[in-house]
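What follows is the residue order along each chain.
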Amino acid sequence: MFVTVLERTVSLGQHNLGTLLRTGWAYILILVALNFTIGSALSPSGGFTTVSYITEPVQTVDQEGLRMLAALANILIGFSIAIAYVRRILIDARDFPVFIGPRTFKVIVNQILLSLIGVIALIPLAILSAILAAVTGGLGALLMLAAPFISLMVVQRFSVILPAAAVDDPLTLKESWGATAGLGWAMAFSAFVMSLLAGCLIGIWALLLTGLGGLVPADPLWQHMRSAAFPMGVMLISVWVFASLHATFYGLIRERFAARLGLRQADYLEANARRSAARDKARRALSTAKRLDRR
């Protein structure tokens with residue numbers, strides 16, 4: 001199952017990279033403008049010594065506060081991109097290019113809740129591993145190493161509420177836990193591998209921008225552009241990787257629900273064909289109406 005989940009996630013991400021850019025283009029422009037403005041305000045007199053303002057050493061409390069606000073703004077926009085991306089690939093939603101509303105904050109609250117669940121899950125594991133370490137030594141140390149991964153598994157089993165909230169599906173934590181029965185370890189391994197992939201891509205992005213910085217003359221405008229490009233790229237990579245992962249999880253549990261109702265893959269294909277035919281018919285009717293109006 002782990003291979004299946006990972007293959008589906010990678011395939012989904014590969015086939016929807018263009019979808020990410022089409023649904024997130026307005027947010028990307030906002031990200032660039034936001035980070036360019038803040039980077040200009042935080043630019044040291046001697047220029048950036050690192051790839052971006054977000055990676056520069058903090059010199060004053062004001063700089064730290066502004067950088068924290070910038071990080072929060074980037075995260076908010078990142079969630080907005082993720083929601084638009086997931087809605088497009090799951091339900092073919094074509095929302096307004098920029099939207100931040102109750103749905104956005106619901107997804108953010110769910111993410112905070114998942115983070116708290118992960119921390120809370122670590123507490124009894126840490127206590128148990130400390131007790132075992134005092135009694136058995138090696139077994140406690142092994143559990144201490146495994147504790148973060150166990151916590152990750154717990155979080156991933158609940159994580160389906162994120163894409164569910166993005167598509168306005170009132171899926172609860174209890175339903176998410178029940179629907180992912182038997183998938184926990186596969187989901188955890190997939191999340192771990194995709195996290196490594198995201199880290200590698202972000203590292204490559206940083207190296208690419210650093211390399212370009214060495215090739216281009218030390219122009220302040222270029223430095224500000226490079227500074228803005230780094231956090232923008234980090235957000236896009238994170239959204240692409242993790243939104244694809246959680247959309248895959250959501251698709252898997254919906255397949256399970258459909259199987260319980262006796263639906264087959266052929267039913268899915270037939271329903272999709274009917275939906276596409278109806279959409280094409282509506283578009284033709286709209287085009288005809290527009291031509292008649294012109295006459």
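Conventions used here
- Residues numbered from 1 in each chain as written.
- Predicted model: local features only at pLDDT ≥ 70, side-chain atom pairs only at ≥ 80, totals over all residues.
- Heavy atoms only, no water.
- Helix = DSSP H or I, 4+ residues; strand = E, 2+ residues; numbered from the N terminus.
- Buried < 20%, exposed > 50% of the residue type's maximum accessible area, 1.4 Å probe, protein only.
- Contact = heavy atoms within 4.5 Å.
- Areas by Shrake-Rupley, 256 points an atom, 1.4 Å probe, with all protein chains shown as cover.
- Phe/Tyr/Trp six-rings, centres within 6.5 Å; stacked < 30°, edge-to-face > 60°.
- pLDDT = per-residue confidence, 0-100.
- Expected span 1.5 Å × (residues − 1).
- Core = buried A, V, L, I, M, F, W, Y, C linked by side-chain atoms within 4.5 Å.
- Axes fitted to C-alpha atoms, helices over the stretch in contact; angles between N-to-C directions.
- Parallel < 35°, antiparallel > 145°, perpendicular 65-115°, else oblique.
- Nonpolar A, V, L, I, M, F, W, Y, C, P; charged D, E, K, R; others polar.
- Patch = residues over 30% accessible without salt bridge, like charges linked within 9 Å, V, L, I, M, F, W, Y side chains within 5 Å.
- Salt bridge = Lys/Arg side-chain N within 4 Å of Asp/Glu carboxyl O.

### Considering the overall build of the protein chain
Each helix and strand in the protein chain was counted, giving 10 helices and 0 strands. Secondary structure elements of the protein chain occur, N-terminal to C-terminal, as α-α-α-α-α-α-α-α-α-α. Across the 295 residues of the protein chain, 39% fall into the buried class. Put simply, of all contacts in the protein chain between residues at least 6 apart along the chain, 77% involve residues at least 24 apart. Carbon and sulfur atoms form 71% of the exposed surface of the protein chain, whose accessible area is close to 16400 Å².

### Topic: the environment of G213
Checked against the element boundaries, G213 lands in helix α8 (residues 184–215). You can call G213 partly exposed: its relative accessible area is 23%. Residues G213 and T50 lie 163 residues apart in sequence; the distance between their C-alpha atoms is 9.8 Å. Apart from residues no more than four positions distant in its own chain, G213 is found in contact with W222 and R226.

### Considering the packing of aromatic side chains
Taken as a whole and judged by the stated rule, the model has 5 aromatic pairs. Summarising the aromatic geometry, the rings of F149 and W185 are spaced 5.9 Å apart at their centres and angled 10° between planes, so their arrangement reads as stacked. Note that F149 is positioned in helix α5 (residues 138–158) and W185 in helix α8, a separation of 36 residues in sequence. Owing to a relative accessible area of 45%, W185 belongs among the partly exposed residues under this scheme. With 6.4 Å between their ring centres and 80° between their planes, F149 and F192 make a pair best called edge-to-face. Of the two residues, F149 is situated in helix α5 and F192 in helix α8; the sequence distance between them amounts to 43 residues.

### Quick word on the confidence of the model for the protein chain
When the pLDDT values of the protein chain are averaged, the result is 86; 87% of them are 70 or greater. When pLDDT is averaged over each element of the protein chain, helix α6 (residues 161–166) comes out on top at 96 and helix α10 (residues 265–294) at the bottom at 65.

### Here's the deal with helix α4 (residues 102–135)
With 34 residues, α4 should reach 50 Å at 1.5 Å per residue; the first-to-last C-alpha distance of 50 Å fits that figure. Listing the buried residues of α4 in full gives R103, T104, V107, I108, N110, L114, I117, G118, A121, L125 and S129.

### Observations concerning the nonpolar core
Membership of the largest hydrophobic core comes to 51 residues, with the highest contact counts inside it found for I81, L114 and V160. Those elements giving two or more residues to this core turn out to be α1 (2–15), α2 (17–42), α3 (61–91), α4, α5, α6, α8 and α9 (220–260). Sort the elements by how many residues they give to this core and α9 lands first, with 13 residues. Sequence-distant contacts of I81, defined by excluding residues within four places in its chain, comprise L20, G24, Y27, L31, L236 and V239. Counting 6 residues, the second-largest nonpolar core is a separate cluster that includes A206, L209, F230 and V234.

### Examining the packing of α5 against α8
As a packed pair, α5 and α8 sit with axes 8 Å apart at the nearest point and diverge in direction by 105°. In terms of orientation, α5 and α8 fall into the roughly perpendicular class. Between α5 and α8, the contacting residues are F149, I150, L152, M153, Q156 and R157 on the first element and G184, W185, M187, A188, F189, A191 and F192 on the second. Class assignment of the residues belonging to the contact of α5 with α8 gives a composition of 10 nonpolar, 2 polar and 1 charged.

### A short note on a nonpolar patch on the surface
A contiguous nonpolar surface patch, about 380 Å² in accessible area, is contributed by F2, V3, W185 and F189. For the nonpolar patch, the secondary structure elements donating two or more residues are α1 and α8. In this structure, F2 sits in helix α1. Take F2: its relative accessible area is 30%, and that puts it in the partly exposed class.

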